[in-house]
Amino acid sequence: TGDSVCVEFIYDTSAGMTEIPANKSYISKPYPNPSSESASFYVNVVRGSKARIKIYNMIGSEVKDVAVADNTRGAVKINVSDLQSGIYFYSLIVNGKSTTTGKMMVSSN
């Protein structure tokens, strides 16, 4: 088993097929986007890593901070119903460093 490799593919309608190595932390774009109640992200966190998803408003103030369990590989759902309508940025922070940042929209019901 020392020479085995695990690879997972995710289909992203905006970019096509994406290969995600098992040894790399990853966060997908949010779904749905725009969101009104909750946004789901597909997350891969490498074993032994401390990860968080942080959401920031347009002026850079942190408005959400969600811990992600070690060795997570799957969907993480974040409640956004308490946020005002607008554009926000999300970041996957792994071991204190930002690995990925993207844009999401929140709309009121």
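Residues numbered from 1 in each chain as written. Predicted model: local features only at pLDDT ≥ 70, side-chain atom pairs only at ≥ 80, totals over all residues. Heavy atoms only, no water.

**Q** Outline the overall build of the chain, listing residues and values.
**A** Check the secondary structure of the chain and you find 0 helices and 9 strands. Starting at the N terminus and walking to the C terminus, you meet the elements of the chain as β-β-β-β-β-β-β-β-β. Expressed as a percentage of its 109 residues, the buried residues of the chain come to 35%. In the chain, once contacts between residues fewer than 6 apart in sequence are set aside, the share between residues at least 24 apart is 49%. As presented, the chain carries roughly 6800 Å² of accessible surface, and 51% of it is formed by carbon and sulfur atoms. (Helix = DSSP H or I, 4+ residues; strand = E, 2+ residues; numbered from the N terminus. Buried < 20%, exposed > 50% of the residue type's maximum accessible area, 1.4 Å probe, protein only. Contact = heavy atoms within 4.5 Å. Areas by Shrake-Rupley, 256 points an atom, 1.4 Å probe, with all protein chains shown as cover.)

**Q** So, the packing of aromatic side chains: which residues are in play, and what are the values?
**A** For the structure shown, the criterion picks out 1 aromatic pair. Relative to Y90, the ring of F41 has its centre 5.0 Å away and its plane inclined at 55 degrees; by these criteria the two rings are tilted. Taken together, the residues span a long stretch of sequence, with F41 in strand 4 (residues 38-44) and Y90 in strand 8 (residues 86-94) at a distance of 49 residues. Among the residues examined, F41 registers a relative accessible area of 1% and is labelled buried. What makes Y90 buried here is its relative accessible area of 4%. (Phe/Tyr/Trp six-rings, centres within 6.5 Å; stacked < 30°, edge-to-face > 60°.)

**Q** Tell me about the pairing of strand 4, residues and numbers included.
**A** Within strand 4, 5 of the 7 residues are buried, which leaves it mostly tucked inside the rest of the structure. Pairing between strand 3 (residues 26-27) and strand 4: 2 bridges, direction antiparallel. Within strand 4, the residue paired with I27 across the bridge is V43. In this sheet, strand 7 (residues 73-79) lies alongside strand 4 in antiparallel orientation, the contact comprising 7 bridges. Across the sheet, residue Y42 finds its bridge partner in strand 7, namely A75. (Pairing = 2+ DSSP bridges.)

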